[in-house]
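# Working through the structure, step by step
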Amino acid sequence: MYILVINCGSSSIKADVIDTQLKKSILELDAERLPSTPFIQLNNEQIIYHGDLNFESIIRYCLHTIKSRLAEKQINGIGHRVVHGGDQYSQTVCIDAAVEAAIENLADLAPLHNPANLAGIRSAKEVFPAISNIAVFDTAFHQTMPKRAKQYAIDKNIIAKYNIKRYGFHGTSHKYIMERSGEYLKQDVKNLRILSCHLGNGASICAIEFGRSVETSMGLTPMEGLMMGTRSGDIDPGIITYLQNKEKWTSQETEDFLNKQSGLAGLSGLTNDMRDILQQASEGNEDARTAIQVFTHRITKYIGAYAAIMSGIDVLVFTGGIGENSADIRHRICQGLEFLGIMIDDDKNKSAKLNSDNDVANISDENGRVKILAIRTDEQVAIALETQKIIQEKNKVNTIPKIPIAISARHVHLSRATVDILFGKNYELTEFKPLSQPGQFAANETVTLIGLKNKIENVRILGPLRPKDQVEISKTDEFFLGIDAPVRESGHVEGSPGITLKTAHGEVAIKEGVIVAWRHIHMHPNDAALFGVQDKDIVSVDVDDDERPLTFKNVLIRVSDKFKLEMHIDTDEGNAAEIKKGEEGELVLSAKSVNLHDKNV
Ligand code: ADP
């Protein structure tokens with residue numbers, strides 16, 4: 001696919017057309033010093049701009065320039081980097097009016113970035129009206145962080161008033177690093193604890209536990225955490241008020257000090273460029289040495305802290321301009337971390353050279369427990385790949401239905417022969433109420449289940465009749481009754497235990513038929529096509545609960561034109577997951593589904 005990636009900053013525009021197969025840009029536009037003195041380059045060739053000196057006009061001009069170089073039909077989608085997605089967006093989404101409004105509303109939290117991102121979106125819609133626009137949020141990947149990691153320890157009323165919390169940034173890069181690590185190591189990221197160190201001009205570190213961001217060093221703004229090119233990173237808040245008092249700084253002056261006059265540049269007094277600082281340090285400059293030592297010391301400190309949070313690390317990744325290129329910095333960071341299983345191979349580290357054809361280097365010593373990788377990240381390519389995923393899902397993001405979750409209480413399905421015994425020859429069940437699945441009903445009639453230890457009365461019979469008797473109970477019932485029932489797909493009762501069924505009219509001991517129902521989703525073939533699944537696939541379903549987001553794994557897909565979309569779990573699962581009435585789940589689309597036939601179960 002060809003994806004146009006638009007990254008609008010407050011004074012710059014970067015717009016690249018990426019070939020997602022080659023993971024390379026085929027057209028690169030960079031515009032800087034906006035809007036007053038625009039300097040625009042297309043594939044390193046300067047373009048002279050004569051239009052109005054406002055941001056919107058310049059973006060439109062840039063996009064028209066790209067369009068004139070590349071026929072519209074060749075672009076499959078447009079991916080926009082959006083800095084702040086607030087609490088609302090935990091994944092990449094197709095941009096509609098609601099998404100646009102949300103980005104606008106979040107400008108309060110990212111006053112320099114979100115309005116510029118929005119201007120990019122609006123211009124793209126104008127210049128490429130037929131192409132889908134996708135928002136890739138810097139904050140989205142970190143939405144999975146637990147509350148204790150997101151929360152600042154300040155007055156909760158102020159937190160609520162201004163929505164103050166750790167949002168984290170560089171999410172697109174950290175997610176890309178996670179996926180690339182899993183791919184390279186040929187391991188499912190759901191089995192890995194990854195520490196991703198993005199060390200560029202901006203720097204952040206992210207603890208990724210089994211596929212989810214659980215901690216990250218940037219906070220409400222990208223100023224917190226590691227020491228960066230020109231940003232201070234962590235600082236005692238007392239220093240800020242102290243300096244404001246002494247220097248009589250306004251809030252803007254204070255912010256500029258922490259954002260632009262600190263970090264490597266501030267401490268070295270030289271530059272924000274690590275290459276120059278390393279050079280100066282090797283020539284004996286003490287300040288450059290201090291800057292490097294503070295920079296690496298802080299990263300080492302964070303690695304220790306995040307290792308503690310995840311109870312260990314499996315993969316340590318270095319990325320960003322410094323992480324990808326500086327063997328010296330990687331070596332310094334890893335020094336003394338052998339106790340965590342982090343052992344770098346100095347030869348591999350020194351010889352690691354990353355480029356577009358060789359984007360991962362394994363620099364770990366074979367005796368170390370932790371895999372240490374240097375991985376080339378390219379934000380524009382990562383945005384293009386995220387955008388591609390959404391386009392491939394046929395722009396389904398905003399139209400894919402949520403799956404209603406129903407809790408299925410214990411019940412029985414009976415055969416003609418058993419009904420004859422329990423209620424009399426040719427007795428017809430009477431309908432108490434229809435069930436959500438078309439044609440099915442709960443009957444007025446009930447039975448008593450008599451197990452080895454106990455009995456359960458008033459168990460509802462579901463109609464219509466079936467060829468075989470089937471008693472569906474929960475694990476708790478199983479224990480109470482004293483029966484070991486297997487977890488089975490409905491209709492598969494071969495070899496399952498029997499039980500005694502009793503009514504006022506009769507009693508029968510069925511030889512088999514007691515199962516604990518495998519959690520499953522009923523769906524119509526149209527839904528199956530929309531989700532891209534088939535009958536008997538095994539999938540995962542996310543339930544998006546703010547307090548306790550959870551995933552049901554191992555959910556069986558059942559497709560029939562008689563079915564209506566609904567997931568069925570039993571009472572035990574419903575209670576354990578605190579599922580409330582009306583709760584809905586989302587199919588985990590990225591997770592590869594397994595087919596029941598392949599699993600040999
Ligand atoms: P940004 O956050 O702006 O995207 P980059 O990821 O491009 O930044 O990283 C820029 C940083 O990477 C600069 O400090 C630069 O000096 C550093 N860098 C690039 N190449 C090397 C190298 N070979 N050795 C050390 N530092 C490097």
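This text follows the structure it describes.
Below, the structure is looked at part by part. (Residues numbered from 1 in each chain as written. Predicted model: local features only at pLDDT ≥ 70, side-chain atom pairs only at ≥ 80, totals over all residues. Heavy atoms only, no water.)

Moving on to the sheet that holds strand β1 (residues 2-8). In spatial order, the strands read β5-β4-β3-β2-β1-β6-β8-β7; together these eight strands make up an open sheet with mixed pairing. The sheet is open, and its two edges are formed by β5 (45-47) and β7 (93-94), each paired on a single side. Along the sheet face, helix α1 (residues 55-69) touches β1, β2 (13-19), β3 (24-32), β4 (39-42) and β5 and points at about 25 degrees away from the line of β2. (Pairing = 2+ DSSP bridges. Helix = DSSP H or I, 4+ residues; strand = E, 2+ residues; numbered from the N terminus. Contact = heavy atoms within 4.5 Å. Axes fitted to C-alpha atoms, helices over the stretch in contact; angles between N-to-C directions.)

Before going further, it helps to examine the pattern of salt bridges. Any two side chains of opposite charge can pair, on the condition that their charged atoms come close. Under the defined criterion, the tally for this structure stands at 33 salt bridges. Put simply, D273 and R275 hold a salt bridge, and the shortest N to O gap is 3.3 Å. Its relative accessible area of 23% is what places D273 among the partly exposed residues. On the basis of relative accessibility, which here comes to 66%, the residue R275 falls in the exposed class. Each of E100, E104, R122 and K125 takes part in salt bridges that share partners, so that together they form one network. (Salt bridge = Lys/Arg side-chain N within 4 Å of Asp/Glu carboxyl O. Buried < 20%, exposed > 50% of the residue type's maximum accessible area, 1.4 Å probe, protein only.)

A regular strand places its side chains so that they alternate between the two faces of the sheet. Counting buried positions along strand β6 (residues 77-82) gives six out of six residues, so the element sits mostly inside the fold. Burial of the side chains of β6 extends over both faces: G77, G79 and R81 are buried on one face and I78, H80 and V82 on the other. Pairing of β6 with strand β8 (residues 133-137) involves five bridges; the strand directions are parallel. When the sheet's bridge partners are listed, H80 is paired in β8 with A135.

Turning next to the site of the ligand. Close contacts around the ligand come from 13 residues, with N201, D273, M274, R275 and G321 the closest. Contacts to the ligand include N201, whose backbone N or O atom sits 2.9 Å from an oxygen atom. Here an oxygen atom of the ligand and a backbone polar atom of G202 are 3.3 Å apart. Expressed as a share of its isolated accessible area of 580 Å², the protein-covered part of the ligand is 66%. Among the secondary structure elements, those contributing two or more residues to the shell around the ligand are α10 (274-282) and α12 (320-325). Ranked by residue count, the leading element in the shell around the ligand is α12, at four residues. By residue class, the composition of the shell around the ligand is three nonpolar, eight polar and two charged. (Near = heavy atom within 4 Å. Polar contact = N/O pair within 3.5 Å; in protein donor to acceptor, adjacent residues only side chain to side chain. Areas by Shrake-Rupley, 256 points an atom, 1.4 Å probe, with all protein chains shown as cover. Nonpolar A, V, L, I, M, F, W, Y, C, P; charged D, E, K, R; others polar.)

Here we come to the packing of helix α6 (residues 171-185) against helix α15 (residues 379-392). Look at α6 against α15: their axes get within 9 Å of each other, and the N-to-C directions meet at 75 degrees. On the basis of their axis angle, the class for α6 and α15 is roughly perpendicular. Contacts between α6 and α15 involve T172, K175, Y176 and E179 from the first element and A382, I383, L385, E386 and K389 from the second. Looking at the contact of α6 with α15 residue by residue, the classes come out as four nonpolar, one polar and four charged. (Parallel < 35°, antiparallel > 145°, perpendicular 65-115°, else oblique.)

A word on the environment of A107. Position of A107 among the secondary structure elements: in the loop between α2 (97-105) and α3 (114-127). Note: C-alpha distance between A107 and V83 (24 residues apart in sequence) is 9.6 Å. When neighbours within four sequence positions are excluded, A107 is seen to be in contact with N114 and P115.

Here we take up the pairing of β8. Among the five residues of β8, five are classified as buried, and the element is accordingly described as predominantly covered. Alternating residues of β8 divide into N133, A135 and F137 and I134 and V136, and every residue in both groups is buried. As defined by bridge partners, β7 adjoins β8 across two bridges and the pair is classed as antiparallel. In the sheet register, V93 faces β8, and the bridge partner there is A135.

Here the structure, examined in full by the defined rule, presents five aromatic pairs. Ring geometry for Y49 versus Y61: centroids 5.0 Å apart, planes at 65 degrees, classification edge-to-face. In this pair, Y49 sits in the loop between β5 and α1 while Y61 sits in helix α1, placing the two residues twelve residues apart along the sequence. Here F423 and Y427 contribute two aromatic rings whose centre-to-centre distance is 5.1 Å and whose plane-to-plane angle is 20 degrees, an arrangement assigned as stacked. For Y427, a relative accessible area of 29% translates into the label partly exposed. Note that K67 overlies the ring of F128, its terminal NZ or CZ placed 5.7 Å from the centroid. Positioned above the aromatic ring of F432 is the side chain of R460, whose terminal nitrogen or guanidinium carbon lies 4.2 Å from the ring centre. (Phe/Tyr/Trp six-rings, centres within 6.5 Å; stacked < 30°, edge-to-face > 60°. Lys NZ or Arg CZ within 6 Å of the ring centre and 35° of its normal.)

Glancing now at a nonpolar patch on the surface. Judged by side-chain polarity, I154, I158 and Y162 come together as a nonpolar surface patch covering roughly 270 Å² of accessible area. If you trace the backbone, Y162 turns up in helix α5 (residues 156-162). When its relative accessible area of 46% is taken as the criterion, Y162 is described as partly exposed. (Patch = residues over 30% accessible without salt bridge, like charges linked within 9 Å, V, L, I, M, F, W, Y side chains within 5 Å.)

Here the focus is the sheet that holds strand β9 (residues 193-199). Reading across from one edge, β11-β10-β9-β12-β14-β13 is the order of the six strands in this open sheet, with mixed pairing throughout. The open sheet has two edge strands, β11 (212-216) and β13 (360-362), and neither has a second partner. Going across the sheet, the axis of each strand differs from the next one's by a mean of 25 degrees, ignoring polarity. Across seven bridges, β9 lies against strand β10 (residues 203-209) in antiparallel orientation. Counted as the bridge partner of R193 is E209 from β10.

Right, let's get into unusual backbone geometry. That bond from L34 to P35 is cis: its omega, -5 degrees, falls within 30 degrees of zero. That bond from G463 to P464 is cis: its omega, 0 degrees, falls within 30 degrees of zero. Within the secondary structure layout, P464 lies in the loop between β19 (455-463) and β20 (470-472). Phi is positive for R33, close to 55 degrees, though the residue is something other than glycine. Along the chain, R33 falls in the loop between β3 and β4. With a phi close to 55 degrees, K248 is a non-glycine residue in the positive phi region. Structurally, K248 is set in the loop between α7 (237-247) and α8 (251-260).

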